[in-house]
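# Per-entry structural report
One-letter residues, chain by chain:
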Amino acid sequence: MAWFAVTVAGVAGLLVAFAGAAVLVARVATYAGGGWWWTLTVGVLALAAAAAIGVLVGRLVPLRVAAPIAGLATYLGLAIITYWDGTPGAWLSPVYGGWAVYSRVPGRITALQAAWLVALTVLLLAAAARQQRAALLAGGLAVAVAVPITTGPGTHRLPADPAAVELVCTSSGPQMCLSRINAFLIDDVATVVQPILGRLDGIPGAPRRAADQAAQPAGQSIERDDGTVWLNLDYQSTALGGLASRKNLRADFRQVTRTRCEDPSGTRNIDMRVYRTDTLATDWMLDEAATPDDVPLTVLRALPEPAQRSWFAAYLDAAHRCDIPALIRLGEQP
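Attention here is on the structure that accompanies the text. (Residues numbered from 1 in each chain as written. Predicted model: local features only at pLDDT ≥ 70, side-chain atom pairs only at ≥ 80, totals over all residues. Heavy atoms only, no water.)

Here the focus is the overall build of the chain. A tally of regular secondary structure across the chain gives 11 helices and four strands. Computed over C-alpha atoms, the radius of gyration of the chain comes to 27 Å, more than 25% over the 20 Å expected from 2.2 N^0.38 for 334 residues, which places it beyond the range of a compact globule. Taking the principal axes of its C-alpha atoms as reference, the chain extends roughly 85 × 45 × 35 Å. For the chain, the exposed surface amounts to about 18,800 Å²; the carbon and sulfur share of it is 62%. (Helix = DSSP H or I, 4+ residues; strand = E, 2+ residues; numbered from the N terminus. Rg over C-alpha atoms; globule rule 2.2 N^0.38 Å. Areas by Shrake-Rupley, 256 points an atom, 1.4 Å probe, with all protein chains shown as cover.)

Among the structural elements, Ala210 can be located in strand β3 (residues 209-212). Accessibility expressed as a relative area gives 0% for Ala210, which makes it buried. Sequence separation of Ala210 and Leu178 is 32 residues, and the distance between their C-alpha atoms is 8.5 Å. Once you skip the residues sitting within four places of it in the chain, Ala210 turns out to touch Gln175, Met176, Cys177, Val193, Leu197, Thr228, Val229 and Leu231. (Buried < 20%, exposed > 50% of the residue type's maximum accessible area, 1.4 Å probe, protein only. Contact = heavy atoms within 4.5 Å.)

What follows is about the state of the cysteines. Evaluated as defined, the whole model comprises one disulfide. The residue that forms a disulfide with Cys169 is Cys177, at a sulfur-sulfur distance of 2.0 Å. Taking the sign of the S-S torsion, about 105° here, the bridge from Cys169 to Cys177 comes out right-handed. According to the relative accessible area criterion, Cys169 is partly exposed, its value standing at 35%. (Disulfide = S-S within 2.5 Å.)

Remark: the centre distance and the inter-plane angle together describe each pair of aromatic rings, the angle taken between the planes. Per the counting criterion, the structure on display carries three aromatic pairs. Here a set of aromatic residues connected by ring pairs shows up, and it is made of Trp284, Trp311, Phe312 and Tyr315. Taking NZ or CZ as reference, Arg199 lies 4.1 Å from the ring centre of Trp284, over its face. (Phe/Tyr/Trp six-rings, centres within 6.5 Å; stacked < 30°, edge-to-face > 60°. Lys NZ or Arg CZ within 6 Å of the ring centre and 35° of its normal.)

Attention now moves to the sheet that holds β3. Read across the sheet, four strands follow the order β1-β2-β3-β4 without closing on themselves; strand pairing throughout is mixed. Strands at the two margins of the open sheet, each flanked by one partner only, are β1 (167-169) and β4 (228-231). The average undirected angle you get between the axes of adjacent strands in this sheet is 25°. In this structure, β3 lies alongside β4, joined through four bridges in parallel fashion. (Pairing = 2+ DSSP bridges. Axes fitted to C-alpha atoms, helices over the stretch in contact; angles between N-to-C directions.)

Looking at the element boundaries, Thr259 is found in the loop between α7 (246-251) and α8 (272-285). A polar contact is formed between the side chain of Thr259 and the side chain of Asp278, at a distance of 2.7 Å. (Polar contact = N/O pair within 3.5 Å; in protein donor to acceptor, adjacent residues only side chain to side chain.)

This brings us to the packing of α8 against helix α10 (residues 305-321). Contact pair α8 / α10: the axes reach a minimum separation of 11 Å and the direction vectors enclose 135°. Between α8 and α10, the crossing angle belongs to the class labelled oblique. Crossing of α8 over α10 shows left-handed handedness. On α10, the residues touching Thr277, Asp278, Leu280, Ala281, Trp284 and Met285 of α8 are Glu305, Gln308, Arg309, Trp311, Phe312 and Tyr315. (Parallel < 35°, antiparallel > 145°, perpendicular 65-115°, else oblique. Left-handed = near helix turned anticlockwise from the far one by under 90°.)

With that settled, consider the pattern of salt bridges. Taken as a whole and assessed by the stated rule, the structure comprises six salt bridges. Taking the shortest distance from any N to any O, the salt bridge between Asp287 and Arg199 comes out at 4.0 Å. Within this pair, whereas Asp287 is found in the loop between α8 and α9 (295-302), its partner Arg199 is found in helix α6 (residues 186-200), the two being separated by 88 residues in sequence. Residue classification places Arg199 among the buried residues on the basis of a relative accessible area of 18%. For Arg321, the salt bridge goes to Asp317, with nearest N and O atoms at 2.9 Å. Here the residue Arg321 and the residue Asp317 both occupy positions in helix α10, the gap between them amounting to four residues, near one helical turn. (Salt bridge = Lys/Arg side-chain N within 4 Å of Asp/Glu carboxyl O.)

Pasting the structure below:
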């Protein structure tokens, strides 16, 4: 009865938090997904298992300090599993959040998680009640379920939900596309991204569009020159559905002005003079305000607009060819 009371109280608290989050999400959600209730069910079963841990500890160590110590020890134990990047053992805990929001957890994993948590709960309660036969049976089931979980694929191999990463594009202005799961941000992102794309429009070698990194083909580097700027929208939504950081979104365009030149041994060398040219190109592209001591940017801004665009085109060409002398010259004499 003690276990049942604590579990019911925990579930009630979970549902209150879930309801509050649901109200915030429902206002702006552009993709509902499917099967989310199974994740919620696993969370409820996890609370039941946590309460069973408390019952067992309370029976074994009837001290007031037992509960906080057990809670801290459980947290640290979960941390060892869940913070161990990509390990399949992370599936033993439903608190792990290392996968992307657009990934799809296979139904097999969810079913195994549920079976593991039920078996673990029965094992703990049976041990607390000193029911050896029931504890042995539940322990055997828990081990049988845990083995395929811990020997299966890690969290980094989760497939993307095709519907979640389906692109939704702007209907006017320079093309910008977000995945459906992030499409509620499209107007806010467009106000930041489209002016930059418009500034680059028509410049040879400049990107022609921007797209959500969630929809990027698997294995493709963001540095690939395919005319697309890939936008990282992880953690870019506020609680009310707005854009969290315009600065970070603008920073994604730095992939356009990051020279990637390697010597014959494959080592990437960083020449500070080239770095300064990259910074100059970035500031021009993002239309950053020139500081009093930023002479190269001031000189570049003083040129006629066609000359500025020609300079940026020459920069992109030199960067693409890894022409270090040309990059240095462009930075010293805009």
